[in-house]
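Working through the structure, step by step
One-letter residues, chain by chain:
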Amino acid sequence: MVSPQAAVSAVQRFPSRKPLRHDFVWGVSTSSYQIEGAERLDGRGPSIWDGFCRQPGRIANGDTGELACDHYHRYRDDIALMQSLGVNAYRFSVAWPRVLPTGRGAANEAGLAFYDRLVDGLLEASIEPWLCLYHWDLPQALQDIGGWTNRDSAGWFSDYARLIAGRLGDRVKRFATFNEPSVFTLFGYSFGWHPPATDDLVSFHAAIHHVNLAHGGAVDVLREQVDGASIGSIHNMQPSRPVHPTPADQKAAAILDDIWNRAFADPQMIGDYPASLRGGIDLHLRDGDMQRICRPVDWLGINHYSPIYAKAEGASPLGFAWADAPAGVPRSPIGWQVDPKAFRDTLLDAHDRYGLPIYVTENGAGAVEKPDAAGEVHDAQRIEYLSSYIDAMHEAIEIGADVRGYFVWSLLDNFEWGAGYANRFGLIYVDYATQRRIAKASARWYSAMIKAHARQATP
Ligand code: GCO
């Protein structure tokens, strides 16, 4: 078992760094479909993930989000776990179909009441709620009328944002519009790994553009409805590298870079699409759209785990295929490359490109793990990963990146999309058969690290 003392020394093992700002945010992140369960309870409508999980072969072991971590019922226990960690912020998402079962029209009071209880519980525990409006669980009823390929989706999303702002905006001030738009559009409208699992270019570009329009519309609604709103959007930002140093793979990596890192962040924070996307997007662009998309935001959320790799693929309409990291690189227990310097450079690049305060809204390591005979989970590799990435973030801050917070993905082991429950990212182990929670060694380490930084923080 890693003692808190050993954990703190893990923090101090790195070169002594300048203390972090006194208001640095230390948090944990989750998302609605991955932890709530209660798929069919208290009026929640179906989401696109409910149906996708039940399509044979889509999810490892046929897992679904039906029960997940039963957070819908156990949220008070989970808030107590956050308190035990000593975090001062919790990033979660609202399940759109839980509050608007058909995505539009009549709201579901029982669903809204759940988020009331969750927010009130967090505030009672002195944990700041960071609310993300969309973490991939689109109401199925909206998918049935085109989903993000329907330009009306921007209006649907604004109405949803208005409902949440009106209900929770007196207590919630930190809002993110979307989580990782480039992931759910690329995986859902091109690769077939996420719902709706279509793969035509016109729909892909339409979804990109309409999600950007939805972002801008929601920013305006939140700004208008919530006094003191602090609004951002959460983007996965990772260096896109050619799997082989050939011109063809380098071109493939550049295309992936534009889609993965720029297709949303650039229109939203700079006001233009990457050149490689403009042809496809122009089919859906109307006068004034870029001004509707590029609305002032207060911060940039960055999710980062590892570099990504591309290879040339002539058969793909996008001209590239996803590739694994080259053999021989350091990897996490589930095989994702470990490269803290890539994280440092990503933070510095984002700081230079967008010039906004940055919050690391996801970072963490997956593993296939279980408790030992004594009921302990000694996740030393996850501690090593977190320690090296937090130090890389600290180095980026010392060099000049305006990073103001860090959220571990994730508080709990949870539904890991296509991998189901096999890959575990939590600081807290979840025994899904009993729903028992077990703090891993990394939970004790993170708690001790937060305390160590608090002692060093500049006033
Ligand atoms: C993402 C999502 C999370 C994942 C986490 C681990 O980044 O894909 O925001 O829902 O579970 O990143 O893959």
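Refer to the structure presented above.
Owing to the predicted nature of the structure, the values given are computational and were not obtained by experimental measurement.

Of the regular secondary structure elements, the chain holds 17 helices and 13 strands. For 459 residues, the compact-globule formula gives about 23 Å, and the C-alpha radius of gyration of the chain, at 21 Å, lands near that figure. Principal-axis analysis of the C-alpha atoms places the extent of the chain at approximately 60 × 55 × 45 Å. Per-residue burial for the chain yields a buried fraction of 61% across its 459 residues. Intrachain contacts of the chain at a sequence separation of at least 6 include 78% that bridge at least 24 residues. Just so you have it, the chain exposes about 16600 Å², and 52% of that area is on carbon and sulfur atoms.

This brings us to the nonpolar core. In terms of nonpolar packing, the biggest core is built from 137 residues, with Trp148 and Tyr446 touching the most fellow members. When residues no more than four places from it in sequence are discounted, the contact partners of Tyr446 are Trp26, Gly27, Val28, Val87, Ile390, Tyr406, Val408 and Leu427. In this structure, Val25, Ala89, Trp130 and Ile234 belong to the second largest nonpolar core, which totals nine residues.

With that out of the way, let us pick up the packing of helix H9 (residues 181-191) against helix H10 (residues 201-225). A packed helix pair is summarised by two numbers, namely the angle formed by the two axes and the spacing between the axes. Orientation of H9 relative to H10, taken along the N-to-C sense of each, is 155°, at an axis distance of 9 Å. With respect to their mutual orientation, H9 and H10 come out roughly antiparallel. The handedness of the crossing between H9 and H10 comes out as right-handed. Contacts from Pro181, Phe184, Thr185, Leu186, Tyr189 and Ser190 in H9 reach Ser203, Phe204, Ala207, Ile208 and Val211 in H10. The residue makeup of the contact of H9 with H10, split by class, is eight nonpolar, three polar and no charged.

All right, on to the pattern of salt bridges then. Per the stated rule, a full pass over the model turns up 36 salt bridges. One salt bridge in this structure joins Arg40 and Glu66, with 2.8 Å as the shortest N-O distance. With Arg40 in the loop between helix H2 (32-35) and helix H3 (48-53) and Glu66 in the loop between H3 and helix H4 (71-85), this residue pair connects regions lying 26 residues apart in the sequence. Across the pair Asp289 and Arg292 runs a salt bridge, and its minimum N-O distance is 2.5 Å. One end of the pair is Asp289 and the other is Arg292, both in helix H14 (residues 289-293) and three residues apart, which spans about a single turn. When its relative accessible area of 0% is taken as the criterion, Asp289 is described as buried. Taking the relative accessible area as the measure of exposure, Arg292 reaches 41% and is therefore partly exposed.

Moving on, we come to the site of the ligand. Around the ligand there are 13 residues in total, and Gln34, Glu180, Tyr305, Glu362 and Glu416 lie nearest to it. A distance of 2.7 Å is found between an oxygen atom of the ligand and a side-chain nitrogen or oxygen belonging to Gln34. Glu416 is positioned with one of its side-chain polar atoms (N or O) 2.6 Å from an oxygen atom of the ligand. Computed on the free molecule, the ligand has an accessible area of 320 Å², of which 93% lies beneath the protein chains in the complex. A breakdown of the residues in the shell around the ligand according to their chemical character gives six nonpolar, four polar and three charged.

Right, let's talk about the sheet that holds strand E3 (residues 128-134) for a bit. Pairing in this closed barrel of eight strands is parallel, and the strands run E1-E2-E3-E4-E5-E7-E10-E11 around the ring. Adjacent strand axes in the sheet meet at a mean angle of 25°, parallel and antiparallel pairs treated alike. In terms of strand pairing, strand E1 (residues 25-29) meets strand E11 (residues 403-409) through five bridges, oriented parallel. What sits directly across from Val25, in E11, is Gly405. Across the face of the sheet, helix H6 (residues 109-124) comes into contact with strand E2 (89-93) and E3 while running at roughly 170° to E2. Packed on one face of the sheet, helix H15 (residues 340-354) meets strand E7 (299-303), strand E10 (358-362) and E11 and runs near 135° to E10.

On to helix H17 (residues 441-456), then. Here H17 contains 16 residues, and its C-alpha end-to-end distance of 23 Å stays within 8% of the 22 Å for a straight helix at 1.5 Å per residue. Taken residue by residue, H17 has Ala441, Ser442, Ala443, Trp445, Tyr446, Ser447, Ala448, Met449, Ile450, Ala452 and His453 as its buried positions.

Attention shifts here to the packing of H15 against helix H16 (residues 380-399). Running from N to C, H15 and H16 point in directions that differ by 35°, and their axes come no closer than 8 Å. At the point where H15 passes H16, the crossing takes the right-handed sense. Counting all contacts with H15, which are made through Pro340, Lys341, Phe343, Arg344, Leu347 and Leu348, the residues of H16 involved are Ser388, Tyr389, Ala392, Met393, Glu395, Ala396 and Ile399.

The next thing to look at is the sheet that holds strand E8 (residues 308-312). Taken together, the three strands give an open sheet; going across it, the order is E6-E8-E9, and neighbouring strands pair in mixed fashion. Whereas interior strands pair on both sides, the edge strands pair on one side only; in this sheet they are strand E6 (240-242) and strand E9 (320-323). If you compare each strand with its neighbour and ignore which way they point, the axes differ by 40° on average. Sheet topology note: the E8/E9 ladder contains four bridges and is antiparallel. From the neighbouring strand, Ala310 faces E9, where its bridge partner is Trp322.

Within the secondary structure layout, Pro139 lies in the loop between E3 and helix H7 (140-143). By relative accessible area, Pro139 is classed as buried at 0%. Taking the C-alpha atoms as reference points, Pro139 and Val403, separated by 264 residues in sequence, lie 34 Å from one another. For Pro139, the residues in contact, after removing those within four places along its chain, are Pro46, Ser47, Ile48, Trp96, Pro97, Leu100, Pro101, Thr102 and Gly103.

Calculation notes
Residues numbered from 1 in each chain as written. Predicted model: local features only at pLDDT ≥ 70, side-chain atom pairs only at ≥ 80, totals over all residues. Heavy atoms only, no water. Helix = DSSP H or I, 4+ residues; strand = E, 2+ residues; numbered from the N terminus. Rg over C-alpha atoms; globule rule 2.2 N^0.38 Å. Buried < 20%, exposed > 50% of the residue type's maximum accessible area, 1.4 Å probe, protein only. Contact = heavy atoms within 4.5 Å. Areas by Shrake-Rupley, 256 points an atom, 1.4 Å probe, with all protein chains shown as cover. Core = buried A, V, L, I, M, F, W, Y, C linked by side-chain atoms within 4.5 Å. Axes fitted to C-alpha atoms, helices over the stretch in contact; angles between N-to-C directions. Parallel < 35°, antiparallel > 145°, perpendicular 65-115°, else oblique. Left-handed = near helix turned anticlockwise from the far one by under 90°. Nonpolar A, V, L, I, M, F, W, Y, C, P; charged D, E, K, R; others polar. Salt bridge = Lys/Arg side-chain N within 4 Å of Asp/Glu carboxyl O. Near = heavy atom within 4 Å. Polar contact = N/O pair within 3.5 Å; in protein donor to acceptor, adjacent residues only side chain to side chain. Pairing = 2+ DSSP bridges. Expected span 1.5 Å × (residues − 1).

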